[in-house]
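Report on the structure
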Amino acid sequence: MTLASTTDALRAIPGLHFPDEPGYDEHRQAWNLLADQHPLAIAVPDTIDDAVRVVRAVTDAGLRIAPQASGHGAAAIDGDALRDAVLLRLHRLTGVEVDAENRSARVLGGTLWNEVIAAAAPHGLTALHGSAGDVSVTGYILGAGISFYGRTHGLATHRMSAVELITATGEVVRATADEHSDLFWALRGGGGNFGAVVAVEIDLLPIPDVQAGFLLWDIVAASDVIPAWRDWTRGLDRAATTALRLFRFPPLPELPPFLSGRSLVIIDGAILGDDALAAELLEPLRALRPEMDTFARIPAQALLEVHMDPPMPSAAVTDHLMFGDLTDAAVTALLDAAGPGAEAAPMVVELRHLGGALGDAQDSAVRCFDGEYALVAVQVVPVPEFAPQAVRLVDEVVETLRPWADCAPYLNFVDVPVGAEVGFDAETIERLRRVREMYDPNRVWVAAHALPDPAVAV
Ligand SMILES: Cc1cc2nc3c(=O)[nH]c(=O)nc-3n(C[C@H](O)[C@H](O)[C@H](O)COP(=O)(O)OP(=O)(O)OC[C@H]3O[C@@H](n4cnc5c(N)ncnc54)[C@H](O)[C@@H]3O)c2cc1C
């Protein structure tokens, strides 16, 4: 097909938005406002049938398709691949059916965690959501999914029991441990490389409430708090999953006074179990005399607010490293790069404590995380001219800490378009390729962290 006939074929598909039409700019906007997406056209289906029609028509026209839900991970898609593809925005394909008796839910492909947790809560149930309620269940769970219940209950993707997806030939298949089991293996951690997911079935957990909150200190306490938290996390009960963040907040009227204009160290997270266990586990951290301590028993749904992720789409530069351990030297390097004495540092430098059930291997593409600590550095970009400086701030911290990053990164935290080979060993990449060969031999799908093509022998 020539480019002109391809474009004509595309224009014949009803409901697509083209660059010269109203609606295109609105729909190409991802959650990460820095992601400047320029696809050939954009489809925004309301139903699974509409999505199937789009996939069939676009593949008949010989074009590629990039499924996307919220766009939290939009900076991880290769922009060049997107220019020749149709962006399949699934944010209108939302809905949750809770089966309280079987503690499970069927969640449509564009649904955000907020909606799922709100539907589960009246039944005394919740799920392995992440820190932000406006991340989509599908993008999060295809990548693995680290929750504040993670050290107790493992990766969210291992609590996904079925995936319904549109294949490259426009069929809807259901992948489970028993049906299309190779595909199911690949979807649990292998990302969006295999089709457009229109629904997932997930386990719900009988957790009506939880001990959760944060402990806050001025950043001058960081040289005591970071090593103490690191020591505390070693050998910690699996009931507790926490994160430690170094914050530098600008003075902003929309921030509460305890955050506005301040540099802080904050430990937050959740502890499953009774109040006595939570008190016992928190005691060594409370001994460091935090300025604020909000840990208390809260409804499980309120855990979505504890981490204070941005409440609306924002422009941000993010990067990530994974550590098997936080040695004294790594802690010193972190303090030098982002502690109280650092001249300039990103707005947020976060360490998530992993391990526990997150390190229990299962038969899936992701298996488990070897890393015990995930570092995420984030710099908000208030005006576009600030972007180069934001990149510099994030790079400086990440490059300073890189010598200690001895584990494969978690691709959902990697906000640049590196390929999937960065996150998986060679054997896993080979198996993922074999699954793609079965379901997508013509490379229809454009995904964040694309699976690389095999090297061509010369
Ligand atoms: C503020 C913030 C907080 C976060 N907190 C956590 C956290 O606590 N734990 C954690 O594990 N991660 C967290 N993340 C990372 C998050 O899991 C990833 O960014 C994830 O990719 C977002 O999925 P999404 O669908 O919302 O984003 P999108 O950008 O829409 O999707 C990312 C990719 O997933 C694939 N995809 C999405 N939907 C579909 C679909 N329906 N069919 C096929 N492929 C699809 C595509 O390849 C797409 O490019 C956070 C990110 C941000 C920005």
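Residues numbered from 1 in each chain as written. Predicted model: local features only at pLDDT ≥ 70, side-chain atom pairs only at ≥ 80, totals over all residues. Heavy atoms only, no water.

So, on to the domain arrangement of the chain. What the domain assignment reports for the chain is domain 1 (3-89), domain 2 (96-206 + 421-439) and domain 3 (209-413). For domain 1 and domain 3, the distance between their C-alpha centroids amounts to 35 Å. Across the boundary between the two partners, domain 1 contributes 4 residues, which contact 8 residues of domain 3. Summed over both sides, the interface between domain 1 and domain 3 buries roughly 540 Å², with carbon and sulfur atoms accounting for 69% of that surface. When the buried surface of domain 1 facing domain 3 is broken down by residue, Trp31, Leu33 and Leu34 rank first, second and third, together holding 87% of it. Here domain 1 is connected to domain 3 by 0 salt bridges. Classifying every residue of the side of domain 1 that touches domain 3 by side-chain character gives 3 nonpolar, 1 polar and no charged. (Domains from an automatic or database assignment. Contact = heavy atoms within 4.5 Å. Buried area = accessible area lost by both parts, 1.4 Å probe. Salt bridge = Lys/Arg side-chain N within 4 Å of Asp/Glu carboxyl O. Nonpolar A, V, L, I, M, F, W, Y, C, P; charged D, E, K, R; others polar.)

Take the packing of aromatic side chains next. Summed over all chains, the structure comprises 6 aromatic pairs. Judged by centre distance (5.5 Å) and plane angle (85 degrees), the ring pair of Trp113 and Tyr140 falls under edge-to-face. Placement of Trp113 in helix 5 (residues 113-120) and of Tyr140 in helix 6 (residues 137-143) is noted, with a sequence separation of 27 residues between them. An aromatic cluster of three or more residues is present, and its members are Phe369, Tyr410 and Phe413. The ring of Phe148 carries the charged tip of Arg352 above its face, separated from the ring centre by 5.4 Å. Sitting above the plane of the Trp185 ring, Arg431 keeps its charged end 3.8 Å from the centroid. (Phe/Tyr/Trp six-rings, centres within 6.5 Å; stacked < 30°, edge-to-face > 60°. Helix = DSSP H or I, 4+ residues; strand = E, 2+ residues; numbered from the N terminus. Lys NZ or Arg CZ within 6 Å of the ring centre and 35° of its normal.)

In this section: the sheet that holds strand 2 (residues 41-43). An order of 1-2-4-3 is seen for the 4 strands of this open sheet, with the pairing classed as mixed. Each edge of the open sheet carries a strand with a single partner, namely strand 1 (16-17) and strand 3 (64-68). Docked against the sheet, helix 3 (residues 48-60) engages strand 1, strand 2, strand 3 and strand 4 (85-89), running at close to 150 degrees with respect to strand 3. (Pairing = 2+ DSSP bridges. Axes fitted to C-alpha atoms, helices over the stretch in contact; angles between N-to-C directions.)

Further remarks concern the pairing of strand 6 (residues 104-108). Looking down a regular strand, the side chains alternate between one sheet face and the other. Among the 5 residues that make up strand 6, 4 are buried, leaving the element largely enclosed by the rest of the structure. Taken together, the 4 bridges between strand 5 (residues 96-99) and strand 6 define a ladder with antiparallel strand orientation. Each bridged residue has a counterpart across the sheet, and for Val98 the counterpart in strand 6 is Ala105. The loop that links strand 5 with its antiparallel partner strand 6 comprises 4 residues; one of these, Arg103, has a positive phi angle of about 50 degrees. Where strand 6 and strand 9 (residues 196-203) come together, 5 bridges link them in antiparallel fashion. Within strand 9, the residue paired with Ser104 across the bridge is Asp203. (Buried < 20%, exposed > 50% of the residue type's maximum accessible area, 1.4 Å probe, protein only.)

Two residues of an α-helix separated by three or four positions point the same way, owing to the 3.6 residues in each turn. Along helix 10 (residues 275-286), the residues that are buried comprise Ala278, Leu281, Leu282 and Leu285. Along the axis of helix 10, the buried positions cluster into a sector of 90 degrees, meaning they face one direction only. Along helix 10, the residues that are exposed and aim more than 90 degrees away from the buried face are Ala276 and Glu280. Against strand 10 (209-218), helix 9 (222-233), strand 11 (240-248) and strand 12 (263-271) lie the buried residues of helix 10. (Arc of directions from axis to C-beta.)

Taken together, 34 residues sit near the ligand, with Ala69, Ser70, Ser136, Arg352 and Tyr410 positioned nearest. In the environment of the ligand, an oxygen atom lies 2.8 Å from a nitrogen or oxygen atom belonging to the backbone of Gly73. The fraction of the free accessible surface of the ligand (940 Å²) that becomes covered by protein chains is 93%. Of all the secondary-structure elements, those providing two or more residues to the shell around the ligand are strand 3, helix 6 and strand 9. Counting residues per element, the shell around the ligand draws most heavily on helix 6, which supplies 4 residues. Tallied by class, residues from the shell around the ligand come to 17 nonpolar, 15 polar and 2 charged. (Near = heavy atom within 4 Å. Polar contact = N/O pair within 3.5 Å; in protein donor to acceptor, adjacent residues only side chain to side chain. Areas by Shrake-Rupley, 256 points an atom, 1.4 Å probe, with all protein chains shown as cover.)

What follows covers the packing of helix 12 (residues 328-338) against helix 13 (residues 387-401). Two elements in contact, helix 12 and helix 13, have axes separated by 9 Å at closest approach and are oriented at 165 degrees. The angle between the axes of helix 12 and helix 13 places the two elements in the roughly antiparallel class. Both helix 12 and helix 13 take part in a crossing whose hand is right-handed. Between helix 12 and helix 13, the residues in contact are Ala330, Ala333, Leu334, Ala337 and Ala338 and Val397, Thr400 and Leu401, respectively. In terms of residue class, the contact of helix 12 with helix 13 is made up of 7 nonpolar, 1 polar and no charged. (Parallel < 35°, antiparallel > 145°, perpendicular 65-115°, else oblique. Left-handed = near helix turned anticlockwise from the far one by under 90°.)

All right, on to unusual backbone geometry then. Even without being glycine, His180 reaches a positive phi, approximately 45 degrees. Looking at the secondary structure, you find His180 in the loop between strand 8 (172-175) and helix 8 (181-187). The class for His180 is partly exposed, based on a relative accessible area of 34%. The phi dihedral of Met308 falls on the positive side, at around 55 degrees, and the residue is not glycine.

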